[in-house]
Amino acid sequence: MSSLRRESQDEEEYWMKSRVNKSKFNLFDDNVTVENAEELAKSKKLLTQFEDDDVDTVNWDDTPVSSVTESSAISGHVVPPSASSLPKSASRPESRNVPPYMTHSRSQSESFGVTGRVSFTPSSLESVTPTVQYSKSQEKLHSLTSSSSARSLEDEIPSFISTSSGSKNLEEEIQYLKRALKKARELKFSPEDTIRKMILGEPYSLEVFRSKEEKLQLLDKAIQVHDGNAITAVILFLRQTIKPSLFNLELQRRPVAINHYLSYLRAHYDFKELGDVLGMLNRTEEAAILKYKQAISAPDVRGKMNALRGCLKAHFIHEPDLAHEANLVEQHAALLERQWPIEDTDSKSEAQGNPLFRQFPRKVSILNMPLITTLYYCCFYHGRDAENLLTSPFAIKKQHQLSDKQYVWTALSARSRLKQWTGIEELLTAKGWFGSTKKVSVIGFDKVCEILHRTSAPEEILSKYLRMIDGSERRLNIARKYKCHEVVVETLVYLRDRHELQVYASKLPPGSLGLRNAQDALRSSTIKWKT
Amino acid sequence: MAAPSVKGFPDFQRLKILAKDEFTSLLDQMPGRKDLVIDGELMKPLDRIASVSLLKQRGVDKIFKFDSSLKSMHGCEQRIYLVRPRMTTMKAIADHINSDRNINFKRKYSIIFVPRKLHTCLSVLEYEGVMGCVTVSEFQLDFVPLDKDVLSLELPEFLKSFYLENDQTWIHTVAKSLVRLQALSGEIGHVYCIGRGAKMVNDLMNFLMKRNSSEQDFSRHEIGSLILIDRDVDYVTPLCSQLTYEGLLDETFGIKCGTIEFGPEVTGKQQSAKLLLNSDDAIFEDVRNRHFSNVLGYLSSKAKSLQQDFDKRHGLKSVGDMKDFVANELRRLKEQKSVLANHIGACEQILGKKTKGGFEDYLQTEHSLLEGSGLRDNVNFIEELLFKQDNMLKTLKLICLLSLTQNGISPQTYKSLKTQYLQSHGFEQLVTFSNLKSLGIVTDQETGSQAGTPLNKVASGMAAMTRRSTFQSLCKKLSLIPKSDDIDLKNPTDMSYVFSGAYTPLSCKLVEQVLTRGGFTGMEEITKYLPGGVHSENHVKASKDHSTPVKDKSGKSARQDRPVSKVVLVYFLGGCTYSEITALRFLGKLKGYIFVIATTAIINSSTMLESVMEKPPI
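Quantities reported herein were computed from a predicted structural model and do not represent experimental measurements.

*Asks:* Explanation requested: the overall build of chain A in the structure shown.
*Replies:* Across its full length, chain A carries 28 helices and two strands. A burial count over chain A gives 47% of its 531 residues as buried. In chain A, 61% of the contacts between residues at least 6 apart in sequence involve partners at least 24 apart.

*Asks:* Mind showing me how you'd approach the overall build of chain B here?
*Replies:* Along the backbone of chain B there are 26 helices and 14 strands. A total accessible area of about 24,700 Å² is found for chain B, and carbon and sulfur atoms account for 51% of it.

*Asks:* Would you explain the side chain of Ser137(B) in this entry?
*Replies:* All names here are of chain B. By secondary structure assignment, the location of Ser137 is in strand β5 (residues 134-138). Residue Ser137 is classed as buried on the basis of its relative accessible area, which comes to 15%. Non-local contacts of Ser137, meaning those with residues more than four positions away in its chain, are made with Leu26, Gln29, Ser110, Ile111, Ile112 and Phe113.

*Asks:* Where do I start with the environment of Ser472(A) in this structure?
*Replies:* All names here are of chain A. As for its position among the elements, Ser472 is in helix α25 (residues 472-481). A relative accessible area of 16% places Ser472 in the buried class. Sequence separation between Ser472 and Trp421 is 51 residues, and the spatial gap between their C-alpha atoms is 25 Å. When sequence neighbours within four positions are dropped, the list of residues in contact with Ser472 reads Thr491, Tyr494 and Leu495.

*Asks:* Help me understand the pattern of salt bridges in this model?
*Replies:* For side chains of opposite charge, pairing can occur when their charged atoms come near one another. Per the stated rule, a full pass over the model turns up 57 salt bridges over all chains. The salt bridge involving Glu426(A) is made with Arg384(A); its shortest N-O contact spans 3.3 Å. Here the residue Glu426(A) occupies a position in helix α22 (residues 421-427), and Arg384(A) occupies one in the loop between α19 (371-382) and α20 (393-399), the gap between them amounting to 42 residues. The exposure class assigned to Glu426(A) is partly exposed, which follows from its relative accessible area of 47%. A residue is classified by how much of its surface remains accessible, and Arg384(A), at 55% relative accessible area, is exposed. Glu490(A) is the partner of Arg467(A) in a salt bridge, and the nearest nitrogen-oxygen pair spans 2.8 Å. Separated by 23 residues along the polypeptide, Arg467(A) in the loop between α24 (459-466) and α25 and Glu490(A) in helix α26 (residues 485-495) bring together distant segments of the chain. Connected through salt bridges with shared partners, the residues Asp147(B), Lys148(B), Asp149(B), Glu246(B), Glu285(B), Arg288(B) and Arg585(B) form a single ionic network.

*Asks:* I'm lost on unusual backbone geometry in this one. Help?
*Replies:* As a rule of thumb, non-glycine residues mostly have phi less than zero, and peptide bonds are mostly trans rather than cis. Residue Pro115(B) is reached from Val114(B) by a cis peptide bond, and omega for that bond is 0°. Inspection of the secondary structure assignment puts Pro115(B) in the loop between β4 (108-113) and α5 (119-127). Not every positive phi belongs to a glycine, and Ser456(A) is a case in point at roughly 50°. Relative to the helices and strands, Ser456(A) resides in the loop between α23 (445-454) and α24. Classification of Ser456(A) by relative accessible area gives exposed; the value is 52%. For Lys483(A), which is not glycine, the phi dihedral falls at a positive 55°. A relative accessible area of 57% places Lys483(A) in the exposed class.

*Asks:* Would you explain the pairing of strand β13 (residues 567-573) of chain B in this entry?
*Replies:* Side-chain positions along a regular strand alternate between the two faces of the sheet. Residue and element names in this part refer to chain B. Taken across its seven residues, β13 has seven buried, putting it largely inside the fold. Residue alternation in β13 divides its side chains into two sets, Val567, Leu569, Tyr571 and Leu573 and Val568, Val570 and Phe572, and both sets are buried. Pairing analysis gives six bridges linking strand β9 (residues 225-230) to β13, with the strands arranged parallel. Residue pairing across strands places Leu228 opposite Tyr571, the latter belonging to β13. Regarding the hand of the β-α-β motif, the stretch spanning β13, helix α25 (residues 578-591) and strand β14 (residues 594-599) is right-handed.

*Asks:* Sorry, what's going on with the interface of chain A and chain B here?
*Replies:* Opposite the 63 residues of chain A that make contact, chain B presents 51 residues. The junction of chain A with chain B conceals about 5,200 Å² of combined surface from both sides, 58% of it contributed by carbon and sulfur atoms. Linking chain A with chain B are seven salt bridges. Where chain A packs against chain B, one counts 23 residue pairs in polar contact (both at pLDDT 80 or more). When grouped by side-chain class, the residues that make up the side of chain A that touches chain B number 26 nonpolar, 21 polar and 16 charged.

*Asks:* Explain the confidence of the model for chain A here, please?
*Replies:* A low pLDDT score tells you not to read the predicted coordinates there in detail. All names here are of chain A. Averaged over chain A, the pLDDT score is 75; the fraction of residues at 70 or greater is 67%. The low-confidence segment residues 47-150, where pLDDT is below 50, has 151 contacts with residues more than four positions distant or belonging to other chains. The low-confidence segment residues 156-164, where pLDDT is below 50, has 14 contacts with residues more than four positions distant or belonging to other chains.

*Asks:* Help me understand the state of the cysteines, please; the structure alone is not making it clear to me.
*Replies:* All names here are of chain A. Evaluation of the coordinates by the stated rule reveals zero disulfides over all chains. There is no disulfide at Cys378, and the cysteine sulfur nearest it, in Cys379, is 7.3 Å away. Exposure remark for Cys378: the relative accessible area of 0% places this residue in the buried category.

*Asks:* I'm lost on the packing of aromatic side chains in this one. Help?
*Replies:* For any pair of aromatic rings, geometry is given as the distance between the ring centres together with the angle between the planes. Throughout the structure, instances matching the rule amount to 25 aromatic pairs over all chains. The ring of Phe357(A) has Arg362(A) lying over it, and the distance from NZ or CZ to the ring centre is 5.9 Å. Between Arg290(B) and the ring centre of Tyr298(B), over which it is positioned, the NZ or CZ distance is 4.2 Å.

*Asks:* Explain the sheet that holds strand β12 (residues 534-538) of chain B to me, please; I cannot follow it from the model alone.
*Replies:* Strand pairing in a sheet is mediated by backbone hydrogen bonds. Such pairs are either parallel or antiparallel. Residue and element names in this part refer to chain B. Spatially, β6-β7-β14-β13-β9-β8-β12 is the arrangement adopted by the seven strands of the open sheet, whose pairing is mixed. Both outer strands of the open sheet, β6 (144-147) and β12, are each paired with one neighbouring strand and no more. In this sheet, neighbouring strand axes are inclined to one another by 20° on average, regardless of whether the strands run parallel or antiparallel. Here three bridges tie β6 to strand β7 (residues 150-152), and the two strands are oriented antiparallel to one another. Directly across from Asp147, in β7, lies its bridge partner Val150. Packed onto the sheet, helix α8 (residues 196-209) meets β8 (190-194), β9, β12 and β13 and runs at close to 135° relative to β9.

About the criteria used
- Residues numbered from 1 in each chain as written.
- Chains lettered and ligands numbered in written order.
- Predicted model: local features only at pLDDT ≥ 70, side-chain atom pairs only at ≥ 80, totals over all residues.
- Heavy atoms only, no water.
- Helix = DSSP H or I, 4+ residues; strand = E, 2+ residues; numbered from the N terminus.
- Buried < 20%, exposed > 50% of the residue type's maximum accessible area, 1.4 Å probe, protein only.
- Contact = heavy atoms within 4.5 Å.
- Areas by Shrake-Rupley, 256 points an atom, 1.4 Å probe, with all protein chains shown as cover.
- Salt bridge = Lys/Arg side-chain N within 4 Å of Asp/Glu carboxyl O.
- Pairing = 2+ DSSP bridges.
- Right-handed = clockwise from strand over helix to strand, strands pointing away.
- Buried area = accessible area lost by both parts, 1.4 Å probe.
- Polar contact = N/O pair within 3.5 Å; in protein donor to acceptor, adjacent residues only side chain to side chain.
- Nonpolar A, V, L, I, M, F, W, Y, C, P; charged D, E, K, R; others polar.
- pLDDT = per-residue confidence, 0-100.
- Disulfide = S-S within 2.5 Å.
- Phe/Tyr/Trp six-rings, centres within 6.5 Å; stacked < 30°, edge-to-face > 60°.
- Lys NZ or Arg CZ within 6 Å of the ring centre and 35° of its normal.
- Axes fitted to C-alpha atoms, helices over the stretch in contact; angles between N-to-C directions.

In structure tokens:
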């Protein structure tokens, strides 16, 4: 019994020392009673204040001598409870093989390091110590300290003070408990506190959160306060520490988190994972567009063509919702497949001194140009090519299902630039019934004139098409706009507006055809002028 | 409403001084000679804060523009990087450091993040193995005061990041800017949030501020109310062609961080001219808010009167008079003359560009889109621009407006316009259309009706639904389209003058409504159309009865009529245009408010669209 008592004193002393020494015990222990909970909270507050200071003293190999002496002094204040009062909790004590924390210091903000803001005050510590109760880990101590044989208390104390090697076992215990306490200390970070620290830019650590629930609390708190940086940081921590199936499941429950994860992956150029996540989320359109974007970023045209075909097959054609997009990607690939050989042939032909290219030098390569530009190019350099050739404008129209308007507009611009007036006429001639022909323009003759004017067609040609504009008022306005005097005069005569004609004639340059016509008309007696 | 006695604008020079001090002390943390490597987009903002001579004085040896394509950099043995927190930037910096290490060159590195360091950036540094040899710090440069009433975060990427990618990283920066501002000007009593991001900023701001409710005398604070407004509430306004002088300057030449650069075609000289555009330039201050039709006339009359002042020199009698003229008058006159010449030159350029490009037809189409009339004609006009391969941005703007005003484009038209756009401007623009769809700017009317599609589609469909019928209903309820055509652009009586009387900017109208009603009460018929909802908080009441802040969801608030309540901070998330700033300035004059405009960036239709567009391959 005496030995038992001694032993228990022994161990209590040890406990008090180590506790005071590290000023810490497991807060989350079951044995923390309601009465002392408040005190605990207080002490916790105090203890946290010097947390930073003694981080440095916690060490695997060194024995913190100074703290030992201090603790032995304090131990005198403690009233040791009887052994029977020790709680016999069934719960297992902390494992000794706790891996060191902060293994990956990713979230520990290196820039700041340790900030010792609050100084350690012994007086406040003393006031705390007597109220502190034992934790369940004491139980473990029985077995651990029993090996240290039944020495008297008197024997024990000096050995503690005098030398650090006095008791190997005890020292080990101290180290072990230090670690346990350190863990306990770290546990004081609630998810809320940690998120607050992250938002305020203070140092924090995510590694202390080990349970999935706590990690998710972190995430939810970060989402709740709308800080993208914290959200992303917690997501990456989660990804690192829980298995993918769990990670994906929890992510899918939180759309905000998903968005941040996707945003991170985009910024990190992690397209593989990005595509996978989008696929997992059934965001097929986004995934397809992503693949398309990757395909078109291929540096050379050949690679781009292959990538586009591959992407089309894998991500577009099997998606009913993407039928329209699939058609557009198909067109893109087809366009490159057309441009590639054209560029190849034409650049050679240009180098060999083909007169066509000498007369109208090519400014840039046709590769990667838009479809309409390609059409214009082909109308310009290869307007007469047979339909079975890649360069045929008509083949382009057919393959890309261009509307008549798109085709006529472009072909007209090219032919006008080339001054192929008969070509223009062909373009605007439609076969009517019974082999008759008539002039039609799907884009309207006003637009025809606009193109002719823009490509500086001669007045004679312009006038010809101006006359085809329906509606005399409209014709008059457009003719005035392009300063086509002949047509203006004609139209005014047609409108029998003598006054306007006089006004207009007065502005015409002397000797011009328009003026002559106007004067003739004004002199004419056959015209019945409007009154 | 009687015009109250106003104290005037809060003094934002203090923000500059604070930023300068902070930056100086950051430079001093690395004593001695050092090189400074600056992120390109921080050049101009930094220019507004610190001068080169200050940098030199603090030991900065050489200043480089950060170039992420460089694998290594030369320079002295100490280097500071001043950068935005981006992972790609971090990678490039790590490359620099590692290449120095490979040749055993010893150098000290410091990275200053503007405005804050991000976890992702630090992990890149760690991953690249350079964390040990750099020191990292933050330069909390948020607001750059561009003028006495304009504060900008100069963060154009907010739009893409928040609205397209739904990334909330920059919300913190916005909230922090408000916290810091209020540390100077005092807490703002009334907060009104319009939109999703606005509410988030308010929440985070409250989280950061820890308002101590008691013993606050709000009447002594400098700003009475804060209105936070999300850009996605009103995408229409920034897409309209700007017609005020300042707006046109931005659209034509591009105003960057309050400065403009006129090329030789404007200056009429060999070299180009850089001008600081703010209220210190008296001539500019006189014309900036005018409708363009009313600018050139004013400038030429100004030129005449300036000429008269010059001519005074002929009438100088004595040598003393002459000496006096040369010493005092001449310098001022010469300065004014060169400024005036630049503005007149700019006007000519603007006029030239606008008359050449068929601007009138374009504007007419734009206005009829806003009115919702002549749909077929408008589509034809857009198609014609596509046939012509006219400017791709200009065409896209009209397509956006068509969709926004019509609650999405009918499926057939949508497909046809999209196809033709891609055929005319490159298939790469497929990505642009996808982005615009996610943003809800160009949508297919079909999207809303697809039931049973995956979650995200439903969500984007919902967005389309809420925006559906939005614009025309809002126009009606807020009478955004003035009925009479005869608006006097010279002496305007209505905010719509900024768009030639064709349209009142929705964002500004909402601001007006919130202020005149003192909240959102009675606005349910309007707010139900606004995506993201509204929220208001009143902290003033709480201070009176010494209790915790009462969140006032109903929006009822006892409005004070002390002068401070007339100072209103309007904060645009996702950027605002010069036209909106001008409209608010006008509203302020009309109703006796003092508006301070804060924004994540100043944008125009082009910069807004470009930020979400796929770049052409060539």
